[in-house]
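The primary structure of each chain is shown beneath.
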Amino acid sequence: MNVYTPILVLGTIAAAFAIVSVGIATFIGPRRYNRAKLEAYECGIEPLLPAADAEIATGQRFPIKYYLTAMLFIIFDIEIVFLYPWAVSFDSLGLFAMVEMLLFMLTVFVAYAYVWRRGGLSWD
């Protein structure tokens with residue numbers, strides 16, 4: 001059990017931090033909401049409401065282009081996370097790690113080429 005004690009302590013601290021943060025936010029957070037705070041807003045995309053629903057709508061759908069861009073960023077960001085440790089220990093890894101990293105980079109390049117060909121990187 002001594003081996004798992006630090007993990008248990010860290011998990012307890014993390015859970016306590018989460019619970020205390022949510023509790024404090026409910027006590028000191030804003031109590032009055034207005035129309036501007038209830039509207040959907042993301043990354044400078046102003047919500048455009050239809051004329052008929054302008055009075056009752058509080059949120060709306062965002063263009064799919066926004067979500068595709070976010071997913072592409074996550075995919076290529078994860079690639080960089082895998083490349084850094086490999087680059088740091090490149091000298092001591094050997095041929096097997098070189099082949100594995102080339103296969104990984106080839107897979108990511110195929111995904112990049114697919115997205116490029118489908119127009120996922122063009123801003124319309």
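Computed from a predicted model, the values in this text were never measured in an experiment.

## Brief notes about the overall build of the chain
Step number 1: Assigned secondary structure in the chain consists of five helices and zero strands.
Step number 2: Across the chain, helices and strands are ordered from the amino to the carboxyl terminus as α-α-α-α-α.
Step number 3: Counting only residues that meet the buried cut, the chain has 10% of its 124 residues in that class.
Step number 4: Considering only contacts within the chain whose residues lie at least 6 apart along the sequence, 27% involve residues at least 24 apart.

## Quick look at helix α3 (residues 64-88)
Step number 1: The end-to-end C-alpha distance of α3 is 37 Å, a good match for the 36 Å that 25 residues give at a rise of 1.5 Å each.
Step number 2: When α3 is considered as a whole, its buried residues turn out to be Leu 72, Phe 76, Glu 79, Leu 83 and Trp 86.
Step number 3: Taken together, the buried residues of α3 touch α4 (90-93) and α5 (95-118).

## Things to note about the environment of Met 105
Step number 1: Summarising the element assignment, Met 105 is placed in helix α5.
Step number 2: Here the alpha-carbon distance between Met 105 and Leu 83, two residues 22 residues apart in the chain, equals 9.0 Å.

## Some words on the UniProt feature "transmembrane region" (unreviewed entry) in the chain
Step number 1: When the UniProt feature table is mapped to this numbering, "transmembrane region" (unreviewed entry) covers residues 6-28, 66-87 and 93-115.
Step number 2: Taken end to end, residues 66-87 comprises 100% helix and 0% strand; its first and last C-alpha atoms sit 32 Å apart.
Step number 3: Within residues 93-115, the helical portion is 96% and the strand portion 0%, while the C-alpha atoms at the span's ends are 31 Å from each other.

## Description of α5
Because the α-helix completes a turn every 3.6 residues, residues three or four places apart line up on one side.
Step number 1: The end-to-end C-alpha separation of α5 is 35 Å, in line with the 34 Å expected for 24 residues at 1.5 Å each.
Step number 2: Regarding α5, the residues found buried are Ala 97, Met 101, Val 108 and Val 115.
Step number 3: Where α5 is buried, its residues touch α3 and α4.
Step number 4: Positive backbone phi, at 85°, marks Gly 119, one or two positions downstream of α5.

## Observations regarding the packing of aromatic side chains
Step number 1: This structure, assessed with the given rule, holds four aromatic pairs.
Step number 2: Residues Phe 82 and Phe 104 carry aromatic rings whose centres are separated by 5.5 Å and whose planes lie at 80° to one another, so their mutual orientation is edge-to-face. One end of the pair, Phe 82, is in helix α3; the other, Phe 104, is in helix α5, and 22 residues separate them in sequence.
Step number 3: The partly exposed category is assigned to Phe 82, whose relative accessible area is 49%.
Step number 4: Phe 104 sits in the partly exposed class, given a relative accessible area of 25%.
Step number 5: Between the aromatic rings of Trp 86 and Phe 90, the centroid separation amounts to 5.2 Å while the plane-to-plane angle is 70°, which identifies the pairing as edge-to-face.
Step number 6: Given a relative accessible area of 39%, Phe 90 falls into the partly exposed group.
Step number 7: Aromatic ring contacts, followed pair by pair, group Phe 76, Tyr 112 and Trp 116 into a single cluster.

## Some details on the packing of α3 against α5
Step number 1: Following both chains from N to C, one finds α3 and α5 inclined at 165°, their axes separated by 12 Å at the closest point. Classed by the angle they form, the pair α3 and α5 counts as roughly antiparallel. The handedness of the crossing between α3 and α5 is left-handed. On α5, the residues that touch Leu 72, Phe 76, Glu 79, Phe 82, Leu 83 and Trp 86 of α3 are Ala 97, Met 98, Met 101, Phe 104, Met 105, Val 108, Tyr 112 and Val 115.
Step number 2: In terms of residue class, the contact of α3 with α5 is made up of 13 nonpolar, no polar and one charged.

Thresholds applied
Residues numbered from 1 in each chain as written. Predicted model: local features only at pLDDT ≥ 70, side-chain atom pairs only at ≥ 80, totals over all residues. Heavy atoms only, no water. Helix = DSSP H or I, 4+ residues; strand = E, 2+ residues; numbered from the N terminus. Buried < 20%, exposed > 50% of the residue type's maximum accessible area, 1.4 Å probe, protein only. Contact = heavy atoms within 4.5 Å. Expected span 1.5 Å × (residues − 1). UniProt positions renumbered as here; feature names shortened; annotations may be inferred. Phe/Tyr/Trp six-rings, centres within 6.5 Å; stacked < 30°, edge-to-face > 60°. Axes fitted to C-alpha atoms, helices over the stretch in contact; angles between N-to-C directions. Parallel < 35°, antiparallel > 145°, perpendicular 65-115°, else oblique. Left-handed = near helix turned anticlockwise from the far one by under 90°. Nonpolar A, V, L, I, M, F, W, Y, C, P; charged D, E, K, R; others polar.

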